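# Architecture at a glance
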Amino acid sequence: MRDRTKGRALAPKLVAVFTDPVFGSGDERVTGGSKTAAAAVDGVESTSSATPEVTRSANDVGLAKLDRLASTRREAAAIAALAPAKTRLEGLDFDASLAAVNDPHLADYRIVHFATHGL
């Protein structure tokens, strides 16, 4: 990895932190907690609409439902606080989405930190 990045200019911004995403329509951050409300919010999928691969992976590790991770917001805030405001990105809640992590502008950050479930 060091050989591949040798001579490459550093990304202009320091850190992007993604944490505490909304995993489904049952999350209290979804207005009313209904599937109709969830469908109206970009990036929110109900458990029943997850891809077969995600559902299978979650079931394989005993996670029929992905719960919020209690301390990830504090973790993300502590990391983000180390960087000046103009050099950091904080993706929380609905902003911690697949669309956000697929954004080409994410390449502007030297460090990308995820505090979420991994399957």
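Residues numbered from 1 in each chain as written. Predicted model: local features only at pLDDT ≥ 70, side-chain atom pairs only at ≥ 80, totals over all residues. Heavy atoms only, no water.

### Brief notes about the overall build of the protein
- Counting its regular elements, the protein contains 5 helices and 3 strands.
- Helices and strands appear in the protein in the N-to-C order α-β-α-α-α-β-α-β.
- For the protein, the residues scored as buried account for 25% of the 119 residues in total.
- Just so you have it, the protein exposes about 8,200 Å², and 56% of that area is on carbon and sulfur atoms. (Helix = DSSP H or I, 4+ residues; strand = E, 2+ residues; numbered from the N terminus. Buried < 20%, exposed > 50% of the residue type's maximum accessible area, 1.4 Å probe, protein only. Areas by Shrake-Rupley, 256 points an atom, 1.4 Å probe, with all protein chains shown as cover.)

### Quick word on unusual backbone geometry
- With a phi angle near 50°, Asp20 is a residue other than glycine that sits in the positive phi range.
- Although it is not a glycine, Asp93 adopts a positive phi angle of roughly 55°.
- Mapped onto the elements, Asp93 comes out in strand S2 (residues 88-93).

### A closer look at the packing of aromatic side chains
- Tallied over the full model, the rule gives 1 aromatic pair.
- Pairing Phe18 with Phe114 gives two aromatic rings, centres 5.7 Å apart and planes at 20°, and the pair type is stacked. With Phe18 in strand S1 (residues 13-21) and Phe114 in strand S3 (residues 109-115), the pair connects residues that are 96 residues apart, well separated along the chain.
- A residue is classified by how much of its surface remains accessible, and Phe114, at 47% relative accessible area, is partly exposed. (Phe/Tyr/Trp six-rings, centres within 6.5 Å; stacked < 30°, edge-to-face > 60°.)

### Structural notes on the side chain of Asp20
- Relative to the elements of secondary structure, Asp20 occurs in strand S1.
- Overall, Asp20 belongs to the buried group, its relative accessible area being 3%.
- Among the polar contacts listed, one links the side chain of Asp20 to the side chain of Arg68, at a separation of 2.5 Å.
- Within the structure, the side chain of Asp20 is placed 2.9 Å from the side chain of Arg73, a separation counted as a polar contact. (Polar contact = N/O pair within 3.5 Å; in protein donor to acceptor, adjacent residues only side chain to side chain.)

### So, the sheet that holds S2
- Taken in spatial order, the 3 strands of this open sheet run S2-S1-S3, and their pairing is parallel. For this open sheet the edge positions go to S2 and S3, each flanked by a neighbour on one side alone. Put simply, the sheet's adjacent strands are angled 10° from each other on average, direction ignored.
- Here S1 pairs with S3 via 6 bridges, running parallel. Note on S3: the bridge partner recorded for Ala16 is Val112.
- Sheet contacts for helix H4 (residues 72-80): S1, S2 and S3; angle to S1, the most-contacted strand, approximately 170°. (Pairing = 2+ DSSP bridges. Axes fitted to C-alpha atoms, helices over the stretch in contact; angles between N-to-C directions. Contact = heavy atoms within 4.5 Å.)

Limitation: the analysis is restricted to geometry and does not speak to function.
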